[in-house]
Every structure is written in structure tokens, then in C-alpha cells.
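Residues per chain are reported as follows:
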Amino acid sequence: MARTQSDLKRRPDSTEDGSSQIVPSISIENLVKHFRRENGTEVRAVDDISIDVPLGEFLVLLGPSGCGKTTLLRCIAGLEKPTSGRIATQRGVMFDSGKRRNVPPEARRIGMVFQSYALWPHMTVFDNVAYPLRARRAPKAGIHSRVTSTLDVLGIGELAHQYPGQVSGGQQQRVALARALVAGEDTVLFDEPLSNVDAQVRDELRIEIRGMQRELGFTAVYVTHDREEAMGLATRIAVIERGRVAQIGTPKAIYSQPSSLHVARTIGSTTEMGGTVKGWEGDHAVVNTKLGLIRVSTSESVSPGDNVLLVTRPVDWQLDFNDSPLVNQWRAVIKAGAFLGTRNEYIVAVEDALIHHVWHHGEILPQGSQVWISIPPAAIQILGDSDEKAKA
Ligand SMILES: Nc1ncnc2c1ncn2[C@@H]1O[C@H](COP(=O)(O)OP(=O)(O)OP(=O)(O)O)[C@@H](O)[C@H]1O
Ligand SMILES: [Mg+2]
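Residues numbered from 1 in each chain as written. Chains lettered and ligands numbered in written order. Predicted model: local features only at pLDDT ≥ 70, side-chain atom pairs only at ≥ 80, totals over all residues.

**Let's talk about the sheet that holds strand β14 (residues 292–297)**
Under the convention used in this document: Any two strands between which DSSP finds at least two bridges are classified as paired. We count a stretch as a helix when DSSP gives it H or I for four or more residues in a row; a strand needs E for two or more, and each element gets its number in order from the N terminus. For helices, the fitted line uses only the C-alpha atoms of the stretch in contact; every axis is such a line through C-alpha atoms, and the angle between N-to-C directions lies from 0 to 180 degrees.
Sheet architecture is open: 5 strands sit in the order β14-β13-β12-β15-β21, paired in antiparallel fashion. Across the chains shown, the open sheet's two edge strands, defined by having one partner strand only, are β14 and β21 (381–384). The sheet shows a mean angle of 45° between the axes of neighbouring strands, taken without regard to direction. Bridge analysis of strand β12 (residues 271–281) against strand β13 (residues 284–289) gives 5 bridges, and the strand direction is antiparallel. In the sheet register, V277 faces β13, and the bridge partner there is V287.

Written out as C-alpha cells, the structure reads:
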């Protein structure tokens with residue numbers, strides 16, 4: 001495939017309004033979007049969100065269905081008028097409820113890729129991709145070279161004269177991506193773009209999207225409810241919960257220091273256990289649980305008598321056959337196991353207490369096998385109990 005990123009970087013038409021030096025980034029301040037349902041109830045789809053997206057960042061919005069991801073993206077693109085707040089990009093203020101400013105979508109220079117490819121069926125691949133440039137009356141020569149080089153970068157140069165109905169779903173999504181890159185120049189918004197393509201194409205396209213974003217340097221805001229997709233793409237993840245940002249940070253920080261049970265569960269599988277704090281041994285909190293005493297390395301300021309929830313990751317549980325004394329280690333019996341391709345997943349019993357989601361590699365162990373299980377004190381998160389349980 002001809003690599004023509006340098007052509008793209010030059011952005012042939014971006015000087016038409018003298019704005020080629022503009023550096024992208026998005027600043028969202030106190031953004032609110034309420035909808036009113038037919039029955040009169042109000043939905044706070046976006047409920048006071050403030051996020052700064054720096055230049056070249058790949059920000060992923062991760063959250064369950066209905067949490068407001070699409071609405072937030074549509075507000076940034078200008079497809080939805082927010083109820084209040086402010087949205088600015090490096091091109092200026094795009095929306096400001098206080099100043100009654102609302103720049104129309106086509107003038108925002110933001111590309112958008114949708115879950116449904118949203119291509120025009122009566123236009124060729126080339127014309128679909130050229131559309132945003134023609135709509136803004138870019139010079140003809142610039143359009144041709146820009147569209148051609150973008151199609152080449154995406155490996156679909158030879159499809160330029162086909163119609164969308166004549167190419168595969170994965171290829172259609174590449175066309176949609178090409179159109180967004182051409183339209184966006186420096187900012188591209190993605191709304192679950194890979195959920196309609198099959199698993200292999202999805203993996204390929206995900207890697208390509210990330211590679212292109214790094215090479216071309218555009219700022220990306222990418223919506224998904226797939227945590228692996230989020231982890232694989234993001235420089236930062238914003239976990240969205242009921243129209244609000246529950247936590248924002250690097251994938252690693254969100255994964256290993258989730259601020260709530262909701263975030264912990266959103267970003268990965270969990271193994272959870274309630275308990276009561278017994279006291280402290282040095283910097284280890286000692287918590288009484290169904291397994292007995294568990295030592296937790298934590299900076300949380302818990303006190304004896306506090307009810308807490310201990311949250312761990314299945315992958316952090318160790319399964320051993322010999323007793324090489326470890327902190328937080330118990331004799332256990334395999335109750336059930338499943339081979340999941342890259343790992344085995346077990347339910348193990350420590351006396352009467354069951355632990356679900358214990359992962360282990362190697363030969364699958366038969367039911368009834370005697371093992372030792374352990375969890376390192378640093379691999380346990382302590383979360384406040386009462387309100388977390390209520391939310392769970
Ligand atoms: N035009 C509308 N009128 C009324 N309510 C709406 C409208 N658009 C969205 N909503 C509501 O706003 C909330 C957020 O919707 P949104 O589409 O942003 O969620 P989402 O996080 O993108 O979900 P999904 O993962 O299912 O796409 C939902 O409760 C939805 O029903
Ligand atoms: Mg959505």
C-alpha cells in the first residue's frame with residue numbers, strides 16, 4: 001500500500017481560510033443536554049461534563065448503553081444543540097450558551113464516523129469522501145489529491161469508482177473513515193464505528209485507526225462500550241455514568257485504581273468480596289472476610305469496624321500446587337472450570353466460601369483438585385461499602 005501520509009499532513013486545502021497553523025484540541029465546559037421525552041419526563045443525557053482534550057489525544061468515552069456517549073459526541077460535532085455550557089476547539093468557540101453562540105456542524109471542521117456507515121448510496125466511494133471538501137468549496141485540484149491519498153492510506157484506492165453497495169461492510173467503514181479524515185483534518189469523532197463489522201476486520205481496523213491517528217496526529221474522541229477496544233485505543237479513557245464523568249485517566253490508572261465499583265466493573269472483570277476492617281498491621285489494612293483475614297496494601301484511611309468492599313481482578317489471583325507461604329493464601333478446591341482459549345477460568349472454594357472468576361493458564365484442572373490460592377495485598381482495592389453496594 002502506498003504510504004502517503006505526508007500528503008495528508010500537508011492538508012492541501014487547509015490554507016483556504018488561512019487556518020493551517022491552527023492546532024487542534026477540544027475544551028468542554030459544564031456541558032448539559034436535557035431531552036424531554038414524549039411523556040414529559042426530562043432526561044439528563046449529558047449532566048454537567050467538563051473535559052479538556054489536548055492536541056493529538058485519543059480520548060475514549062466508555063460507558064453502558066444510554067449513559068450519554070452519543071449525545072456528548074453529537075454536541076461536539078454540532079449535530080445536537082446543548083442545553084447549556086461551552087465547547088471550544090482550536091478554531092474558536094463552537095458553542096456558548098451564555099453568548100448564544102452555536103457554530104453549524106459544517107463550519108466546525110470536525111469529522112465523524114458513525115456505527116452505521118452513513119454513506120450516500122448513489123455516490124461513488126470517491127465522491128462520498130470528496131463530499132465534505134466540495135461542501136466547503138475547497139479548490140478542485142486539492143480535492144483530488146487529498147481524496148486519492150486518503151483512500152490509498154486506507155488501502156481502498158482501487159475502490160474509488162465503486163458504489164457503497166458494491167463493497168464489503170469493512171470496506172464501507174474504511175470509506176466512512178476516509179470521509180471523516182478528510183472532513184475533520186484535525187479532529188475526528190467516532191461513534192462505535194466497529195460494532196457492525198466482523199471480529200477480524202474489527203481488530204484490523206482498530207489497529208489501523210490507532211496507527212493513522214498517531215501518524216497523522218489528529219485529535220480523536222471515540223465512543224465505545226467495549227472495554228478491550230477502549231484499552232487498546234485510548235491515551236485516556238473517560239468512564240461515563242448517567243451523563244457524568246465517573247473517572248478520567250490513562251487505561252492503566254483506570255484499571256488499577258478505579259474510583260468506584262461502577263468504574264472497576266466497566267473497565268474489567270472483577271472478583272468482589274465484602275468485609276469489615278479489623279485493624280492495621282504496618283501499612284496493611286487487615287479485613288475480615290468470608291475467607292478469613294485479608295491483608296490489603298492501601299493508602300485509604302479505613303478504621304476498625306468499617307464495612308468495605310474488596311475489589312480484585314481475576315488475573316491477579318494466583319493458583320499454586322505447593323504451599324510456598326504467601327500473604328493472603330488459602331487451601332482451596334476447584335469447584336468448576338472452563339477452558340476459554342487464552343486462559344482457564346475457575347470457581348474455587350475455600351471451605352464454604354466460593355470465589356468466582358479465578359484465571360489460570362496451563363492444563364485445565366479437574367473438579368475436586370486441591371490447590372492453594374492467593375492474592376497479593378497490593379492487588380486489592382478497598383472501596384467504601386454502603387453506597388457502592390447500593391449502586392451495584
Ligand atoms: N432525541 C432524544 N429525545 C429524547 N431522549 C433522548 C434523545 N436522544 C437520546 N435520548 C436519551 O438520552 C440518553 C442518552 O442517550 P445516548 O444515545 O447519548 O446514549 P449512549 O450512551 O450513546 O447509548 P448507546 O451505547 O446505547 O448508544 C438516553 O436515555 C436516551 O434515551
Ligand atoms: Mg450511542
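**Some points on the pairing of strand β8 (residues 187–191)**
Operational definition: Residue burial here comes from a neighbour count, namely the number of other C-beta atoms, placed from the backbone, that lie within 10 Å of the residue's own C-beta, with 20 or more meaning buried, 12 or fewer meaning exposed, and in between meaning partly exposed.
Extensive coverage of β8 is indicated by the burial of 5 of its 5 residues. The alternating pattern of β8 places T187, L189 and D191 on one face and V188 and F190 on the opposite face, and all of these are buried. The pairing of strand β7 (residues 111–113) with β8 spans 3 bridges and is parallel. Its bridge partner lying in β8, V113 is registered against F190. Here β8 runs beside strand β9 (residues 219–224); their pairing, made up of 5 bridges, is parallel. Paired with L189 across the strands is V221, a residue of β9.

**Here's the deal with the pairing of strand β4 (residues 84–89)**
By the alternation rule, side chains of β4 split into G85, I87 and T89, which are all buried, and S84, R86 and A88, of which none is buried. Pairing of β4 with strand β5 (residues 92–96) involves 4 bridges; the strand directions are antiparallel. Among the inter-strand pairings, I87 is bridged to a residue of β5, identified as F95. Between β4 and the antiparallel strand that follows it, β5, lie 2 residues.

**Re the site of ligand 1**
Which entries qualify depends on this criterion: In this analysis, residues qualify as near a molecule or strand once their C-beta atom, positioned from backbone atoms, comes within 6 Å of it. Only Asp, Glu, Lys and Arg are considered charged in this grouping, and only Ala, Val, Leu, Ile, Met, Phe, Trp, Tyr, Cys and Pro are considered nonpolar; every other residue, Gly among them, is considered polar.
Taken together, 13 residues sit near ligand 1, with F35, A45, S65, T70 and T71 positioned nearest. When contributions to the shell around ligand 1 are tallied by element, the ones reaching two or more residues are β2 (42–53) and α2 (69–77). Counting residues per element, the shell around ligand 1 draws most heavily on α2, which supplies 3 residues. Counted by class, the shell around ligand 1 contains 4 nonpolar, 7 polar and 2 charged residues.

**Let's talk about the environment of R174**
As a reminder of what qualifies: Whether two residues are in contact is decided by their C-beta atoms, placed from the backbone, lying within 7 Å.
Residue placement: R174 occurs in helix α6 (residues 169–184). For the pair R174 and L151, spaced 23 residues apart in sequence, the C-alpha to C-alpha distance is 8.4 Å. Leave out the neighbours within four places in its chain, and R174 touches L154 and I156.

**Section: the environment of R100**
With respect to the secondary-structure elements, R100 resides in the loop between β5 and β6 (101–102). What makes R100 exposed here is the crowd of 7 C-beta atoms within 10 Å. Considering only alpha carbons, one finds R100 and P64, 36 residues apart in sequence, at a separation of 32 Å.

**Things to note about the packing of helix α4 (residues 125–135) against helix α5 (residues 140–153)**
Spelled out, the test is: We call two directions roughly parallel when the angle between them is under 35 degrees, roughly antiparallel when it is over 145, roughly perpendicular when it lies between 65 and 115, and oblique otherwise. Take the far helix as your reference; a near helix turned counterclockwise from it by less than a right angle gives a left-handed crossing, and one turned clockwise gives a right-handed crossing.
It is at 10 Å that the axes of α4 and α5 come closest, and there the two elements cross at 130°. Considering their axes alone, α4 and α5 lie oblique with respect to each other. Viewed along their axes, α4 and α5 form a crossing whose handedness is right-handed. Contacts from F126, V129, A130, L133 and R134 of α4 reach α5 at I143, R146, V147, T150 and L151. Grouping the amino acids of the contact of α4 with α5 by side-chain chemistry returns 7 nonpolar, 1 polar and 2 charged.

**Re α4**
V125, F126, N128, V129, A130, P132 and L133 are the residues of α4 that are buried. Following α4 by one or two positions, R137 has its phi on the positive side, about 55°.

**A few points about the confidence of the model for the chain**
Stated formally: By definition, pLDDT measures how confident the predictor is in each residue, and it falls between 0 and 100.
Model confidence for the chain is summarised by a mean pLDDT of 87, while 91% of its residues fall at 70 or above. In this model residues 1–24 is a low-confidence stretch, pLDDT under 50, and it forms 44 contacts with partners more than four residues away in sequence or in other chains. Here residues 386–392 is a poorly scored stretch, pLDDT under 50, and it has 9 contacts once near neighbours within four places are set aside; other chains count.

**Let's talk about the sheet that holds strand β19 (residues 353–360)**
The strand order β16-β20-β17-β18-β19 describes an open sheet built from 5 strands, whose pairing is antiparallel. On the outer flanks of this sheet lie β16 (318–320) and β19, each paired with one strand and no other. Here the average twist between neighbouring strands, direction ignored, is 45°. The pairing of β16 with strand β20 (residues 370–374) spans 3 bridges and is classified as antiparallel. Looking at the pairing, L319 lines up with I373 of β20.

**A short note on unusual backbone geometry**
Negative phi values dominate among residues other than glycine, just as trans dominates among peptide bonds. The residue R100 is not glycine, and still its phi comes out positive at about 50°. Phi is positive for E351, which is not a glycine, with a value near 50°. With respect to the secondary-structure elements, E351 resides in the loop between β18 (344–350) and β19.

**Let's talk about the domain arrangement of the chain**
Size of an interface: often given as the accessible area lost when the parts come together. Short version of the rule: Domain extents, as shown, originate in an automatic or database domain assignment.
Considered domain by domain, the chain is made up of domain 1 (5–262) and domain 2 (273–391). Placing the centre of domain 1 and that of domain 2 at their C-alpha centroids yields a distance of 40 Å. Domain 1 puts 4 residues into the contact, and the matching count from domain 2 is 6 residues. Split into classes, the residues belonging to the side of domain 1 that touches domain 2 amount to 2 nonpolar, 2 polar and no charged.

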